[in-house]
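Working through the structure, step by step
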Amino acid sequence: MKAYRALIALDLKLALRQRTVIFFNYLFPLVFFFVFAQAFHAERGAAMTVVLAMVIIIGILGNGLFGAGIRAVQEREANILRRYKVTPISPVPLLVASTVTGWILFMPYVLLMFALAHFAYGMPWPVNLGSILTLITCGVAGFRAIGLILASVANSMAESQILVQLIYLPMLFLSGATFPTVMFPPWLLLVTQFLPATYLVTGVQSMLLRREGIAENRLPIVALVVTTIVGLFLAYKLFRWEKEEKIRNSAKLSILAVILPFLGVGAWQMHTRDSVVRTKILNRQLARSDTFLLRGARLLVADGKVIENGAVLVRGGKIAEVYVGAGPEPRTVRAEVVEASGKTILPGLIDAHVHLGSAGGLYPGTANYDLEKGMSRALAAYLYSGVTTVRSVGDGLDGILEVRARVNRGELLGAQLFTCGPVFAAGGGRGTEYFEPFPPSFRPAAEKESRIPGSPDEARQQVDRLKERSVDCIHAALETGVGPLQRLDTSLLNAVAREARGDDLPFTVHTADVRDVTGALEAQAASIEHGSFREQIPDRVFDQMARQGTFYDPMLSVGEAFEELVAGKTEMLKRSLVQQVGPEDLLRGTEEALAASETEPMRQSMAQDFIDLRIAVDNLRRAYQHGVLLVAGSDAGNLLLIHGPALHHELRLWVEAGVPPLVALQSATANGARLLRAEKRIGSIRPGNDADLLVVDGDPLDDISATERISMVILKGERIDRAAIFDQH
Amino acid sequence: MIESVRAIVVENLQKSYGDVQAVKGIGFEINPGEVFGLLGPNGAGKTTTIEVLEGLRPRSGGQVMVLGFDPDRQRQQLKDRIGVCLQATNLPEKIRVHEALEVFSALYSRRTDLTQLTRRLQLEDKRDAFYGTLSGGQKQRLALALALVNDPQLIFLDEPTTGLDPQVRVEIHALLEQLKKECRTILLTTHYIEEAERLCDRVAIIDEGRIIALDTPRQLQQQSRSASTIVVTCARPFPQPRPAWAEATHDELDASARTLTVNSRRPAATLVDLVKWIDQQGIELTDVHLQQPTLEDVFIELTGKRLRE
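Residues numbered from 1 in each chain as written. Chains lettered and ligands numbered in written order. Predicted model: local features only at pLDDT ≥ 70, side-chain atom pairs only at ≥ 80, totals over all residues.

Per the secondary structure count, chain B includes 10 helices and 13 strands. Of all 309 residues assigned to chain B, the portion counted as buried reaches 41%. Long-range pairs, those at least 24 residues apart, make up 68% of the contacts in chain B between residues at least 6 apart in sequence. (Helix = DSSP H or I, 4+ residues; strand = E, 2+ residues; numbered from the N terminus. Buried ≥ 20, exposed ≤ 12 C-beta atoms within 10 Å, placed from the backbone. Contact = placed C-beta atoms within 7 Å.)

Listed below in structure tokens is the structure:
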């Protein structure tokens, strides 16, 4: 023990007397600190967490590889180790002293960095400092062990320099310690999973930003501990006191033993991709942490209020403040300025009715349609189009919940998703017709998209089970229909409605006739989906809707799409935003399929269905006149209704129908949020709400089509890189 | 145990590096309190031998006991008990003299008073100096001090004065004589004859991995087959002819004819005869010098090599 203490004390003294040690351990990384802090705007948002993670890992790399590795070789080459050889100690105290000294020298540096971050950049003290220091300790020990093993296998100074650089440079540049991994293509991100430094960077960053602890980082911590133990053991076994002793080339392979733990971790990550996902989430969270001031724009605030020249301060993913006029001096709020004069800022749009599982068209060769990819691409398309929230109705439960989870985690960049899960329907009723023609073997999969209760009891159980899976709403289809469709029994509908109410889930009903609408109103539905394309809904029914506070979601677009299909037209696909969102093969495939003669029978059978857009337009106008609360859904996913642009088109149809643009926009924002019971978070530009914003050129109150001239989309404070949003798939 | 009486027992020691046999079966014993020298040219196997005894290198064959320990098997115990002054070692530039002593002292189970040690090795003034600022002699004194931090009874000195200038060498010799007075056993290697002559009780002459002679320096000289040389110088030239001196093998007059060099196996008899004749001739004798064979001569005689080439 005495020997250990003496050697550690000596190592420390020698290190502190060495100007190069002080320079490389303290001053050099300090330069990085300020350069990075400047480059990443560390005064804003959570960028400081990135800077800290970077400089700490750069420090660890230097400390381990140069501090332990190169120095050990130097001592051997200078015949210093030889002097210890004649004493009764083994290499163990020397190796341990080197490791402990490295750690002791490093900790003040870490604390200095935290202090700078706190005092100079206003970063709060980390609450989980213990976890962070533990991870850093494991990092220092691991890299010192790697340094020592490099020293053990190098036969000369030159050799050790090469080995150290071989390890140092990739770790420096690929781990995220100098270039943020957000810049990396996916394949490179996978490569980085083999580097211990990567886990240190993401670990420190996650602990700072997400307040993660040891548990979430146990994989790299265990791997670092194994690296340390294996490294020190091999460094002991291969220890050489004298430069004259050369190591066999075959023994150099033992270096692989140290790399092995992280080869294992990397291979595991290739398999699970956990860490890649974590990195994505981390980068997402980081992107959402920024502080900026949008100013000079017209603001559609909330409750029909418009600020002609205002500013919005976004901080930490939330709307921090809304100003009339230019707002504060940006420096005082540590914000970046985004000039938005001539633009209009509205809350991110909310599409109240989408079928995420369908593409809205036909891919050439339907076999290659991947449902999950399709859904995540659709959510990206919404975000591209300024629709920051959607509600899915009638989608397969497992798939839609998985996508919702991925979006909520921040792993997937797309509109946030609310879902009713599958649709409650009658056997042979609306919502089941799509899979009825399927061969029996496909039925079970397709039937996931619906729930067909046999009794009120079963209906209740089915609702409860959906509640257990945390759906956001319950959706039922009530359609008398023409032809073969069966209508959901009233007792079942009421059972579903009561149970949904009991479970505190908004209940929403698809209707086709007046009878269906009144049935839904009797069942206390939160919203009427479609209303009717066939019958004029009587004024008294609208009055009842207004009284009950029921939302009316007309979805005129699907009527127009229907009429286009019957007429054999595809004008809806030619619109600018649709062309931007695409994808190109979907649009082409749809055009080709609809032009083909095989679709003629489909058109003929559709033509028999009685759907009249003019009736729906009239219903909407009267609903508005009767003060019914409106929400805007697009029914996207149906043929010709492409996810994203469809909602813009819907708003245009509303304005053409006589609904004032401000009312239409409120329906697609604040009202939608109320239907989703998320008005405290989304749907209006109000301090404390999520910063989900749509910035458009021009004034949509003057010309509703301005909503399609999108200048910027912001989701939870992240300014979306719209050009790159489809690259994630 | 008979070995425990001896400080060091070596029997038929062999050491090979790959195909090269550096030590080819040597044997000797060292008694407690004895100063024993291994004398030989570079590459003779001195350092290899001493490093085997110190437990730094495993031997290839033979028996070795050092302080009753087998250096191959009881390495740590042995190292704890001995003092070693290696050839060509270094310390970090920025270590202070007292720190070096303290650190190395902490590595042993036995300790000595470091203040006293510092004083004895005349390092008091340099106590706080960095190693990098020390002169060659100071560095060597520190190396000696480090070899003494555990107060060892057996000290190994590998070429303790090599590379030092003559004055410093004298200083070191004085220190070693002091250690000798303290009855410590010392094994030293050297290729300086005078060092061996001055310090060693016994000397083993080693060449090409073998001991070719082992005795006290005096005995080694006397065993020599070489003749002594008598040089006499007179005030005026020697008269001619000269007689044949008793026991002389050869004589020679220099150019001035005033200095005569005579070789003899029995220099005493020859000298008496020579001085008597000069006196008879009435010549004034200005100088007489008797040169006996040195270890160097013995060495050359035994090996056909010079020690320093």
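A few words on the overall build of chain A. Secondary structure summary: chain A contains 26 helices and 18 strands in total. Residue burial in chain A is summarised as follows: out of 729 residues, 53% are buried. Pairs at least 24 apart in sequence give 76% of the contacts found in chain A among residues at least 6 apart.

Attention now moves to the environment of Gln165 of chain A. All names here are of chain A. Tracing the chain through its elements places Gln165 in helix α7 (residues 157-174). C-beta crowding within 10 Å serves as the criterion here: with 12 such atoms nearby, Gln165 is assigned to the exposed category. Separated by 99 residues in sequence, Gln165 and Phe66 place their C-alpha atoms 9.5 Å apart.

This next bit is on the interface of chain A and chain B. The interface of chain A with chain B comprises 19 residues on the first partner and 21 residues on the second. Those elements that provide at least two residues to the side of chain A that touches chain B are α1 (2-17) and α4 (81-85) of chain A. Examining the composition of the side of chain A that touches chain B, we find that eight residues originate from one element, α1 of chain A, more than from any other. Across the side of chain A that touches chain B, the residue classes break down as 10 nonpolar, three polar and six charged. (Nonpolar A, V, L, I, M, F, W, Y, C, P; charged D, E, K, R; others polar.)

Moving on: the packing of helix α20 (residues 556-567) of chain A against helix α23 (residues 600-608) of chain A. Residues and elements named next belong to chain A. For the pair α20 and α23, the least separation of the axes is 8 Å and the interaxial angle reads 130 degrees. Considering the angle they form, α20 stands oblique to α23. Between α20 and α23 lies a crossing of left-handed hand. Of the residues in α23, those touching α20 at Phe562, Leu565 and Val566 are Arg603, Met606 and Ala607. Counted by class, the contact of α20 with α23 contains five nonpolar, no polar and one charged residues. (Axes fitted to C-alpha atoms, helices over the stretch in contact; angles between N-to-C directions. Parallel < 35°, antiparallel > 145°, perpendicular 65-115°, else oblique. Left-handed = near helix turned anticlockwise from the far one by under 90°.)

Time to look at the pairing of strand β3 (residues 318-324) of chain A. Residue and element names in this part refer to chain A. Relative to β3, strand β2 (residues 306-315) runs antiparallel, the two being bridged by six bridges. Its bridge partner lying in β3, Val312 is registered against Val322. Where β2 folds back onto β3 in an antiparallel hairpin, the turn is made up of two residues, including Gly316, whose phi is positive at roughly 60 degrees. (Pairing = 2+ DSSP bridges.)

A few words now on helix α17 (residues 490-502) of chain A. All names here are of chain A. Here α17 spans 18 Å end to end across 13 residues, near enough to the 18 Å set by a 1.5 Å rise per residue. Where α17 is concerned, the buried positions are Leu492, Leu493, Ala495, Val496, Ala497, Glu499 and Ala500. Considering only its buried residues, α17 is in contact with β9 (423-424), α16 (456-468), β11 (474-477), β12 (507-510) and α18 (514-522). Count one or two residues on from α17 and you reach Asp504, which has phi positive near 65 degrees. (Expected span 1.5 Å × (residues − 1).)

Residues and elements named next belong to chain B. Looking at the secondary structure, you find Val23 in strand β2 (residues 20-30). Residue classification places Val23 among the buried positions, given that 26 C-beta atoms sit within 10 Å. Val23 sits 185 residues away from Glu208 along the chain, and the two C-alpha atoms are 7.4 Å apart. In contact with Val23, not counting residues within four places along its chain, are Leu13, Gln14, Lys15, Gly45, Thr48, Thr49 and Gly209.

Residues and elements named next belong to chain A. Taken in spatial order, the seven strands line up as β10-β9-β11-β12-β13-β14-β15 in an open sheet, and their pairing is parallel. The open sheet has two edge strands, β10 (450-451) and β15 (629-630), and neither has a second partner. Of the strand pairs in this sheet, β9 and β11 are connected by two bridges, and their pairing is parallel. Following the sheet pairing, Val423 is matched in β11 by His475.

With that settled, consider the nonpolar core. Residues and elements named next belong to chain A. Ranked by internal contacts, the top residues of the largest apolar core, which has 159 residues, are Val51, Ile57 and Val204. It is helix α3 (residues 47-77) that contributes the most residues to this core, 17 residues altogether. Each residue touching Ile57, except ones within four places of it in the same chain, is listed here: Ser175, Ala177, Ala197, Leu200, Val201 and Val204. Counting residues in hydrophobic clusters, the runner-up holds 134 residues, among them Val312, Val403, Leu493 and Val631. (Core = buried A, V, L, I, M, F, W, Y, C linked by C-beta atoms within 7 Å.)

All names here are of chain B. The antiparallel open sheet is built from three strands, whose spatial order is β2-β1-β4. The sheet is open, and its two edges are formed by β2 and β4 (61-66), each paired on a single side. For this sheet, the mean inter-axis angle between neighbouring strands, taken without regard to orientation, is 25 degrees. The pairing of strand β1 (residues 8-17) with β2 spans eight bridges and is classified as antiparallel. Residue pairing across strands places Val10 opposite Phe28, the latter belonging to β2. In the packing of helix α1 (residues 46-53) onto the sheet, the strands contacted are β1, β2 and β4, and the crossing angle to β1 comes to about 120 degrees.

Right, let's get into the confidence of the model for chain B. When pLDDT is low, close inspection of the predicted coordinates is not appropriate. Residues and elements named next belong to chain B. Looking at chain B, the pLDDT average stands at 85 and 96% of residues meet or exceed 70. For chain B, the element scoring lowest by mean pLDDT is helix α10 (residues 295-303), at 74; helix α3 (residues 97-106) scores highest, at 93. Quick note on the complex model: pTM equals 0.74, ipTM equals 0.82. (pLDDT = per-residue confidence, 0-100.)

Of note in this structure, Ser470 of chain A is not a glycine but carries a positive phi near 65 degrees. Owing to 12 C-beta atoms within 10 Å, Ser470 of chain A belongs among the exposed residues under this scheme. Positive phi outside glycine occurs at Glu208 of chain B, with the angle close to 50 degrees. Tracing the sequence through the fold places Glu208 of chain B in the loop between β8 (202-207) and β9 (210-215). Here Glu208 of chain B falls in the partly exposed class, since 16 other C-beta atoms lie within 10 Å of it.

As a further point, take the packing of α20 of chain A against helix α24 (residues 613-625) of chain A. All names here are of chain A. For the pair α20 and α24, interaxial distance at closest approach is 9 Å and the crossing angle is 165 degrees. In this view, α20 runs roughly antiparallel relative to α24, as classed from their interaxial angle. Where α20 crosses over α24, the two elements pack in a sense that is left-handed. Across from Leu556, Gly559, Glu560 and Glu563 in α20, the residues of α24 making contact are Leu613, Ala616, Val617 and Leu620. For the contact of α20 with α24, the per-class residue count stands at five nonpolar, one polar and two charged.

On to the pairing of strand β17 (residues 710-715) of chain A. All names here are of chain A. Bridge count between strand β16 (residues 693-697) and β17: four bridges; the pairing is antiparallel. Residue pairing across strands places Leu693 opposite Ile714, the latter belonging to β17. In this sheet, strand β18 (residues 718-719) lies alongside β17 in antiparallel orientation, the contact comprising two bridges. Pairing of Leu715 across the sheet is with Glu718, part of β18. The turn linking β17 back onto β18 is made up of two residues, and Lys716 within it adopts a positive phi angle of 50 degrees.

The next subject is helix α9 (residues 196-209) of chain A. In a regular helix each residue adds 1.5 Å, so 14 residues correspond to 20 Å; α9 of chain A covers 20 Å between its end C-alpha atoms and thus fits that length. Arg211 of chain A sits one or two positions beyond α9 of chain A and adopts a positive phi of about 55 degrees.

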